Amino acid sequence: PARIWTTAMSHHRLIHCTFPQTLIREPLLYNLGKDFRVVPNIKGATISEEVGKVYLDLEGPEEEIERAIDFLKERGVEIQEVPGGMPTGTPPPAP
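Everything in this summary refers to the structure shown in the same document. (Residues numbered from 1 in each chain as written. Predicted model: local features only at pLDDT ≥ 70, side-chain atom pairs only at ≥ 80, totals over all residues. Heavy atoms only, no water.)

## Concerning the pattern of salt bridges
And step 1. Going through the model one piece at a time under the given rule, you end up with seven salt bridges.
And step 2. Of the charged contacts, one joins Glu-49 and Arg-25 as a salt bridge, the two residues approaching to 3.3 Å between their closest N and O atoms. Note that Glu-49 is positioned in the loop between strand S2 (39–47) and strand S3 (51–60) and Arg-25 in the loop between strand S1 (11–20) and helix H1 (28–35), a separation of 24 residues in sequence.
And step 3. One salt-bridge network, held together by shared partners, links Arg-13, Glu-62, Glu-66 and Glu-81. (Salt bridge = Lys/Arg side-chain N within 4 Å of Asp/Glu carboxyl O. Helix = DSSP H or I, 4+ residues; strand = E, 2+ residues; numbered from the N terminus.)

Here it is, written out as structure tokens:
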């Protein structure tokens, strides 16, 4: 069944994720959209064989965004909040 929430309840949060080598090939972002009421939107990424660095915008109810971030942290992803929005013209730091 489709998951629906109203726009009024929808929030955005931009985070910077660092995925260790052991998690690069896991479908964690797919799982966010499947298991939580959030829409993950990749805003920028740098991926190598050793590490993945991703600017990720999460949209959804605030409590679901929190749950999704906790899920990523529990799996071993480093999370940093990005206040003020996406840095312009700046890709994620190279691995």
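## Quick look at the nonpolar core
Across soluble globular proteins, you tend to see nonpolar side chains buried next to one another.
And step 1. Residues Ile-15, Cys-17, Leu-32, Leu-72 and Val-77 are the most contacted members of the largest nonpolar core, which totals 18 residues.
And step 2. Of all the secondary structure elements, the ones that give two or more residues to this core are S1, H1, S3 and helix H2 (62–75).
And step 3. Considering each element in turn, this core owes the most residues, five residues, to H2.
And step 4. With residues near it in sequence (within four places) discarded, Ile-15 still touches Val-54, Tyr-55, Leu-56, Leu-58, Ile-69, Leu-72, Ile-79, Gln-80, Glu-81 and Val-82. (Core = buried A, V, L, I, M, F, W, Y, C linked by side-chain atoms within 4.5 Å. Buried < 20%, exposed > 50% of the residue type's maximum accessible area, 1.4 Å probe, protein only. Contact = heavy atoms within 4.5 Å.)

## Considerations on H2
And step 1. Taking 1.5 Å of rise per residue, 14 residues should cover 20 Å, and H2 covers 20 Å from first to last C-alpha, within 8% of that figure.
And step 2. Listed as buried for H2 are Glu-64, Ile-65, Ala-68, Ile-69, Phe-71 and Leu-72. Each buried residue of H2 lies within a common arc of 155° when the element is viewed along its axis, so the set occupies one face.
And step 3. In this structure, the buried side of H2 is in contact with S1, H1, S3 and strand S4 (78–81).
And step 4. Phi turns positive, to about 110°, at Gly-76, one or two residues after H2. (Expected span 1.5 Å × (residues − 1). Arc of directions from axis to C-beta.)

## Points about the sheet that holds S3
And step 1. The antiparallel open sheet is built from four strands, whose spatial order is S2-S3-S1-S4. Of all strands in the sheet, those with a lone pairing partner are S2 and S4, marking the two edges. Across this sheet, the average inter-strand angle for adjacent strands is 25°, counted without regard to direction.
And step 2. Pairing analysis gives eight bridges linking S2 to S3, with the strands arranged antiparallel. (Pairing = 2+ DSSP bridges. Axes fitted to C-alpha atoms, helices over the stretch in contact; angles between N-to-C directions.)

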